Every structure is written in C-alpha cells, then in structure tokens.
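# Residue-level structure breakdown
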Amino acid sequence: MPELPEVETIVRDLSSVLIGQKVVEAKFLNNRIRENCDYKRASILKGRQLKNISRRGKNIVFHFTENIALICHLKMTGKLLVKADSSLDKKHLHFFIKFEKSKLNYYDVRKFGRICILRNSGLFNHPRLKKLGPEPFEITPKLFADIIKKRKKAIKLALLDQEVVAGLGNIYADESLFYAGIRPTLKASGISRARLKKLHDSIIKVLNKAVNNRGTSVDDYLDGFGQRGNFQNQIAVYGKTGQPCPNCGIQLKRIVLGGRSAHFCWKCQK
DNA sequence: GACAACCTGACC
DNA sequence: GGTCAGGTTGTC
C-alpha cells in the first residue's frame with residue numbers, strides 16, 4: 001500500500017531512468033483507471049519529452065514538454081515499473097508509456113488507481129491536488145500543531161486525512177503515534193502542543209527512515225524496478241496485533257477506527 | 001460523523 | 001462461501 005515513502009521511492013527510481021526521454025507510444029489498455037481530464041487518448045503524449053517527475057502527497061506527477069502533465073495515484077495496488085515484470089499477470093497491465101530506451105508499465109490488480117492526462121494550467125486545480133494539506137517535510141512543528149488543533153476527530157483519523165497533512169497512510173500513522181506515545185483515539189484538538197511537537201518529530205523520523213529503507217513491503221508493494229522495500233522489518237506496531245510491544249512487552253492491541261484498523265500499545269500510548 | 005462503494009486475491 | 005485488506009470519494 002503505497003504511502004509517502006513508497007511513492008517517493010518510486011518517483012526517484014523512475015526519475016533516474018526516464019527523465020529526458022521522448023515518448024514513442026502511450027496507451028490505456030483499460031479505461032477504468034483513466035480519469036476524465038483534458039485528454040482521453042494517451043497518444044497525446046507521443047513525441048513529447050519527459051522533463052521531470054514529482055510527488056505531491058501520494059500522487060505522482062509526470063511533467064512533459066509542451067505543457068502536458070500526467071497525474072497518477074496508485075491507491076491500493078497500483079504499480080509503476082520501468083519494465084515488464086514476468087511475475088505480474090499481464091491481465092493487470094492497464095496502461096503503458098513506451099519511451100525511446102525504456103517502457104513504463106502501470107499494473108493494478110484492483111483497479112482502484114487513477115491516471116489523468118491534462119494541461120499544465122489545470123494541474124494546480126485538479127481536485128486531487130488542490131485540496132491536499134502540506135507536505136510533512138515542509139511544515140514547522142508549530143504550523144503542524146495549529147492544523148491539528150483545529151480538528152475535532154480522533155488524532156489517527158486526522159493524520160489519515162490528506163487535507164490535514166499529505167502522504168500519511170495507515171502504516172505510518174500507526175507507527176508515528178506509537179513513537180509519540182499517543183493513543184490513536186485521542187481527540188486531536190485536545191492534545192497539548194508539547195505532545196504534538198513530539199508527534200511531528202516522530203512523523204518526520206518514521207518517514208525519513210522509511211524513505212531510506214525504500215518503503216514498506218508488508219503486502220505487495222514494489223518499487224519502480226520491481227524490488228521490495230525493507231522497512232517492513234522495522235515496523236513497531238502496524239499489523240502486530242497480539243505480539244509484544246517493542247517498548248514494554250505487553251500484547252499490542254487492534255481496534256477499528258473510522259473503518260480501518262489501528263494498532264497500538266495500551267500501556268505506552270495514552 | 002459513519003459507512004458504503006470501488007475491486008481482487010488471500011485466507012479462514 | 002464469507003471476510004478482510006485500505007486510499008479516496010460520495011452519500012446519508
């Protein structure tokens with residue numbers, strides 16, 4: 001499940017190979033993943049050069065010459081690989097861009113992911129980018145606390161809300177709350193500024209560590225080259241229900257919050 | 001603020 | 001055969 005560190009890893013992988021190359025061919029093989037944007041046909045990309053690839057929250061943005069951009073959100077099971085992976089079933093290949101020297105393939109078992117090709121002028125106003133909160137790495141502890149203080153819902157749900165902070169998902173929200181010693185059910189607005197400073201610090205540390213480990217392959221996440229990440233070996237609480245807390249040793253708990261599982265230590269997180 | 005919907009594969 | 005996984009949108 002790609003969150004900020006996984007998406008960041010993919011962006012770096014793809015950038016190292018694809019930037020500067022011209023598009024030879026591009027095609028949607030399944031229209032379900034195509035969003036209704038400016039351009040329905042991927043062939044609009046033909047002949048254009050890839051200038052840059054960037055990340056905003058969990059979105060990947062490809063910038064082409066002549067003011068064309070492509071936004072991709074991987075949702076749950078989307079994968080962008082710079083070459084065909086023989087271990088992935090071809091029936092899940094839904095989009096591709098053939099460059100001069102490389103081919104970029106989009107696989108998605110569940111077809112939740114979305115790809116949209118649009119003019120640069122509309123990029124900023126795309127509904128998925130427009131409403132995003134700040135990037136965790138670009139926010140001061142004070143501003144982070146200001147934003148959280150305005151939210152009345154449970155802190156875990158505030159962290160998952162992309163309009164609050166962009167890029168956190170279930171794994172890193174659980175991990176950050178564990179290191180900050182904060183229970184996921186606490187009302188966001190009631191948490192002290194001192195504790196929110198610690199939470200901000202935990203988020204930065206966890207995300208940095210995960211990026212340095214090329215993401216978490218707890219399920220089926222693969223980077224841009226089809227390789228698994230390494231952070232799953234360093235997870236403290238996510239998916240560890242019933243296992244001992246790495247801090248105090250009592251059994252970790254799982255509750256359902258906002259329809260999603262939250263994993264935490266009953267003793268260390270108050 | 002809760003919850004269904006979108007999908008499929010993995011697992012019981 | 002039923003349940004679960006979770007990012008995001010849409011609906012009540």
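Residues numbered from 1 in each chain as written. Chains lettered and ligands numbered in written order. Predicted model: local features only at pLDDT ≥ 70, side-chain atom pairs only at ≥ 80, totals over all residues. Heavy atoms only, no water.

### Quick look at the overall build of chain A
Operational definition: The helix count covers DSSP runs of H or I at least four residues long, the strand count covers runs of E at least two residues long, and both are numbered beginning at the N terminus. Atoms counted for the radius of gyration: C-alpha only. Globule rule: 2.2 Å times the number of residues to the power 0.38. Per-residue and other accessible areas follow the Shrake-Rupley method at a 1.4 Å probe size, with only the shown protein chains counted as cover for residues. Only four residue types enter the tally: Lys and Arg on the positive side, Asp and Glu on the negative side, with His and both chain ends excluded. Note that the charge is assigned to NZ on lysines, CZ on arginines, CG on aspartates and CD on glutamates.
Counting its regular elements, chain A contains six helices and ten strands. Since a compact globule built from 270 residues should have a radius of gyration of about 18 Å, the 19 Å found for chain A is in line with a globular shape. With respect to the three principal axes, the spread of C-alpha positions in chain A is 60 × 40 × 30 Å. In the form shown here, chain A has an accessible surface area of approximately 12,600 Å², with 48% of it arising from carbon and sulfur atoms. Each charge class in chain A was averaged separately, 51 positive and 23 negative side chains, and the resulting centres sit 5 Å apart.

### Description of the sheet that holds strand β2 (residues 50-56)
Definition in use: Pairing between strands is defined by DSSP: at least two bridges between them are needed. Fitted lines through C-alpha atoms serve as axes, helices being fitted only where they are in contact, and the angles separating the N-to-C directions of these axes extend from 0 to 180 degrees. Residue contacts follow a heavy-atom distance rule, with two residues in contact if any of their heavy atoms lie within 4.5 Å.
If you walk across this open sheet you meet the four strands as β2-β3-β4-β8, and the pairing is antiparallel. Lying at the two open borders of the sheet, with one neighbouring strand each, are β2 and β8 (114-119). Neighbour-to-neighbour, the strand axes of this sheet turn through a mean angle of 20 degrees, independent of strand direction. Where strand β3 (residues 59-64) and strand β4 (residues 68-73) come together, six bridges link them in antiparallel fashion. Opposite Phe 64, over in β4, you have Ile 68 as the bridge partner. Sitting on the sheet, helix α1 (residues 4-18) is in contact with β2 and β3, with an inclination near 175 degrees to β2.

### So, the state of the cysteines
Every disulfide links exactly two cysteines, by a covalent bond between their sulfur atoms. Threshold: The disulfide criterion is simple: two cysteine sulfur atoms within 2.5 Å. With a 1.4 Å probe rolled over the protein chains alone, any residue whose accessible area is under 20% of its type maximum counts as buried; one over 50% counts as exposed, and the rest are partly exposed.
For the structure on display, the rule yields one disulfide. Put simply, Cys 37 and Cys 116 are joined by a disulfide, and their sulfur atoms are 1.9 Å apart. With the S-S bond torsion at -110 degrees, the cross-link from Cys 37 to Cys 116 turns out left-handed. One end of the pair, Cys 37, is in the loop between β1 (23-28) and β2; the other, Cys 116, is in strand β8, and 79 residues separate them in sequence. Exposure remark for Cys 37: the relative accessible area of 23% places this residue in the partly exposed category.

### What about the side chain of Arg 183?
Short version of the rule: A pairing counts as a salt bridge when a side-chain nitrogen of Lys or Arg comes within 4 Å of a carboxyl oxygen of Asp or Glu. A 3.5 Å cut-off defines polar contacts: any pair of N or O atoms within that distance qualifies, except that in protein one atom must be a possible hydrogen donor and the other a possible acceptor, and neighbouring residues in sequence count only when both atoms are side-chain atoms.
Positionally, Arg 183 belongs in the loop between α5 (170-180) and α6 (193-212). One buried charged residue, Arg 183, forms no salt bridge at all, with the nearest opposite charge on Asp 174 at 12 Å. Polar side-chain contacts of Arg 183 include one of 2.8 Å to the backbone oxygen of Gln 269. Apart from residues no more than four positions distant in its own chain, Arg 183 is found in contact with Ile 155, Phe 264, Trp 266, Gln 269 and Lys 270.

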